Amino acid sequence: MYFSTSIILDNNSTMIKHYISALFLAFSSLIQANDEIKNKIDAILANDQKEAISVFIYDPISMDTIYSKDIYNNLIPASNVKLYTTAAALHLLPNQEYLLTKVYTNDVELEDSVINGNIYLKGFGDALLTTENLDSLVDQLLLMGINKITGDIIADDSYFDNTYTRDDWITDERANVKLPPISGLSLNRNSVIINFNSNLPNGRTPTFTIEPNGNFYNVINYSKVSSARVYPRISYRTELNNINIKIEGSVRKRKSTYGYIVHPDSPSELIANVFKTRLQNKGIEVLGSAVSGATPLSVIELATSRNSFAILVDRVNKRSDNYLAENLFKIIGAEFSNKQGNSFYATQAILSFLDENDIYNEGTVLVDGSGISRFNKTSTASIVSLLEFMYLDINNFDFYFNSLAISGRDGTLENRMYESNAYLNFRGKTGSLNGVSSLSGYLTTKSNRDLIISIIINFKSKGGNYYKSLQDRIISYLAESL
């Protein structure tokens, strides 16, 4: 709250007495309002004093603390970690409009319709890449008149390290949420879908199709149809450039086709084979093999696939997409280090971003980009400091703000606060793990006042929905009262 001090008055003036009285009344009103808010929020939290609860409510315009409770206590934040990941990405990747995947060749003579050499498919962390994007790359080659490739199709995922799983890069990690491989070159979220047709008599062998399709899979199918509620065991292994899939156990009898997802142990080997198949399906002859490898320095760019960086950030925050968050995490590491994207460089990049911008982060520990890990720790003081920094950032705030879920409308807040005064007026990021519920973001109150709110609860009793309701009650109360 700001007051004018531009009027200089004599000490005996009645005007100064009135001025001091006005100041006193203003501050008294503020204290009274804050006491009322404190009492109300304390009452909402009164039955849960044994749980680790941190709450920070702050006005970034007046710089008033509206409410605070254990704001420096570092707790497990769950997906509120994504707030750090996306904020750092917007600052460390200021010119990033697209996620790229490129096709190169080592053939220096492109006058004819033949590539006398290899084709290199290099990824730059585009986790949105689909088979449709691969078809677009093939079409670009066709427009160049290319109808034959004498060398190999080489898939290059070296933009990231080859530590594909979080359990491998986080010491002692045993994550409850398993993700597809995180690789510099990925396709269809690095997922292979086995679609079964099991509308057959019990004991018969079900038929199946595989997406993405191709004749490069070596499949052994030992499974049988069963009326019981059973699931097949599917293993996927890449050995000596051969993709081997084994199906065992029983497949439940169903009238319609249904699928199971498996993840490649070597994403680049799969993508090389899929790309080769797409080339051949569109009439480009390929004489070489489909393999993984590195792109040499001396190459010529032939084609480029582009997906929106904004869409990726939006899905990370609004939908809390863990897989995309971990890919963004490693993109940050790659760009920050000018080396290979990995978790170490990514963590250093985000912590450096916090330090260089005076964002409070005492005791903050970030080991991933999604918040799945229970080794992540931060405080509501740090999150509010981050959100205040972004609020004052005229270049990136609109992008950041619009990527957050809207209460009662979309994302992870679609079904929350829709019958309250906070409906459509809160933009935030949720977080949920076993024993963890967090919610942080921006609230516009009834009087058009902007507040920054962060609530982290680490609990041992009751359940996540109960603590979500407490968060919603606090935000709804603030929306109506201020």
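The shown structure was predicted, so the numbers you read here are calculated from the model rather than taken from an experiment.

Novice: Mind laying out helix H7 (residues 322-337), listing which residues take part and the relevant values?
Specialist: Between its first and last C-alpha atoms H7 spans 23 Å; for 16 residues at 1.5 Å apiece the expected length is 22 Å, and the two agree. The buried fraction of H7 amounts to 14 of the 16 residues, a majority that puts the element mostly inside the structure. Measuring from the side-chain oxygen of the N-cap residue of H7 to the backbone nitrogen of Tyr-323 gives 3.1 Å; that N-cap residue is Asp-321. In the stretch just after H7, Asn-338 is the one whose phi turns positive, near 55°.

Novice: Provide a residue-level description of the sheet that holds strand E19 (residues 426-433), including the pertinent values.
Specialist: Here we have 6 strands laid out as an open sheet, ordered E2-E1-E21-E20-E19-E18, and antiparallel in their pairing. Looking at strand neighbours, the two that pair on one side only are strand E2 (64-69) and strand E18 (405-406), the edges of this open sheet. Note: E19 against strand E20 (residues 436-444), 8 bridges, orientation antiparallel. Paired with Gly-428 across the two strands is Gly-441, which belongs to E20. Helix H11 (residues 464-481) rests against strand E1 (52-59), E2, E19, E20 and strand E21 (450-458) of the sheet, and its axis sits at about 15° to E20.

Novice: So what about the sheet that holds strand E7 (residues 153-156)? Which residues, and what values?
Specialist: Judged by pairing direction, the sheet is mixed, and its 5 strands sit side by side in the order E16-E7-E5-E3-E17 without closing on themselves. Edge positions in the open sheet fall to strand E16 (290-292) and strand E17 (300-308), since each of these has one partner strand only. Each strand axis lies, on average, 20° off the axis of its neighbour in the sheet, ignoring direction. Relative to E7, strand E5 (residues 119-123) runs parallel, the two sharing 4 bridges. The partner of Tyr-120 across the bridge, within E7, is Ile-154.

Novice: Let's hear about the pairing of strand E12 (residues 232-239): which residues, and what values?
Specialist: Of the strand pairs in this sheet, E12 and strand E13 (residues 242-252) are connected by 8 bridges, and their pairing is antiparallel. Bridging across to E13, Ser-235 finds its partner in Lys-246. Hairpin remark: E12 followed by E13, antiparallel, with 2 residues in the connecting loop; positive phi at Leu-240, about 50°.

Novice: Lay out the nonpolar core in plain terms, naming residues and giving numbers.
Specialist: Ranked by internal contacts, the top residues of the largest apolar core, which has 53 residues, are Phe-309, Leu-386, Tyr-400 and Tyr-442. Examining the composition of this core, we find that 8 residues originate from one element, H7, more than from any other. Other than its neighbours up to four places away in sequence, Tyr-442 contacts Leu-387, Met-390, Tyr-391, Phe-397, Tyr-400, Phe-401, Leu-404, Asn-425, Phe-426, Arg-427, Leu-451 and Ile-452.

Novice: An account of the packing of helix H2 (residues 81-92) against helix H9 (residues 380-391) is needed here, citing residue identities and associated values.
Specialist: Closest axis-to-axis distance for the H2/H9 pair is 11 Å, and the angle between their directions is 30°. For the element pair H2 and H9, the recorded crossing hand is left-handed. Contacts from Leu-83, Tyr-84, Ala-87, Leu-90 and His-91 of H2 reach H9 at Ser-382, Ile-383, Leu-386, Leu-387, Phe-389 and Met-390. Its residues placed into classes, the contact of H2 with H9 shows 9 nonpolar, 2 polar and no charged.

Novice: Hey, could you go over the environment of Leu-128 for me, with residue numbers and the actual values?
Specialist: Position of Leu-128 among the secondary structure elements: in the loop between E5 and helix H3 (131-143). A sequence separation of 178 residues divides Leu-128 from Arg-306, and the C-alpha atoms of the two residues are 9.4 Å apart.

Novice: So what's going on with the pattern of salt bridges? Which residues, and what values?
Specialist: For the structure on display, the rule yields 15 salt bridges. For the salt bridge of Glu-301 with Lys-102, the shortest nitrogen-to-oxygen distance reads 3.3 Å. Of this pair, Glu-301 sits in strand E17 while Lys-102 sits in strand E3 (residues 98-105), placing them 199 residues apart in sequence. Owing to a relative accessible area of 40%, Glu-301 belongs among the partly exposed residues under this scheme. A residue is classified by how much of its surface remains accessible, and Lys-102, at 17% relative accessible area, is buried. The residue Asp-368 makes a salt bridge to Arg-166 at a minimum N-O spacing of 2.3 Å.

Novice: Residue-level account of the packing of aromatic side chains, with values.
Specialist: According to the stated counting rule, one finds 17 aromatic pairs in the structure shown. Connected via pairs of aromatic rings, a cluster forms that spans Phe-196, Phe-208, Tyr-258 and Tyr-260. Sitting above the plane of the Phe-124 ring, Lys-122 keeps its charged end 5.3 Å from the centroid. A cation over an aromatic ring shows up here: Arg-254 above the ring of Tyr-258, its NZ or CZ 4.1 Å from the ring centre.

Novice: Residue-level account of helix H5 (residues 267-281), with values.
Specialist: Taking 1.5 Å as the rise per residue, H5 with 15 residues should run 21 Å; its terminal C-alpha atoms sit 21 Å apart, in good agreement. For H5, a buried count of 13 out of 15 residues is recorded, marking the element as mostly surrounded by other parts of the structure. At the C-terminal side of H5, Gly-283 shows a positive phi close to 95°.

The rules we used
- Residues numbered from 1 in each chain as written.
- Predicted model: local features only at pLDDT ≥ 70, side-chain atom pairs only at ≥ 80, totals over all residues.
- Heavy atoms only, no water.
- Helix = DSSP H or I, 4+ residues; strand = E, 2+ residues; numbered from the N terminus.
- Expected span 1.5 Å × (residues − 1).
- Buried < 20%, exposed > 50% of the residue type's maximum accessible area, 1.4 Å probe, protein only.
- Polar contact = N/O pair within 3.5 Å; in protein donor to acceptor, adjacent residues only side chain to side chain.
- Pairing = 2+ DSSP bridges.
- Contact = heavy atoms within 4.5 Å.
- Axes fitted to C-alpha atoms, helices over the stretch in contact; angles between N-to-C directions.
- Core = buried A, V, L, I, M, F, W, Y, C linked by side-chain atoms within 4.5 Å.
- Left-handed = near helix turned anticlockwise from the far one by under 90°.
- Nonpolar A, V, L, I, M, F, W, Y, C, P; charged D, E, K, R; others polar.
- Salt bridge = Lys/Arg side-chain N within 4 Å of Asp/Glu carboxyl O.
- Phe/Tyr/Trp six-rings, centres within 6.5 Å; stacked < 30°, edge-to-face > 60°.
- Lys NZ or Arg CZ within 6 Å of the ring centre and 35° of its normal.

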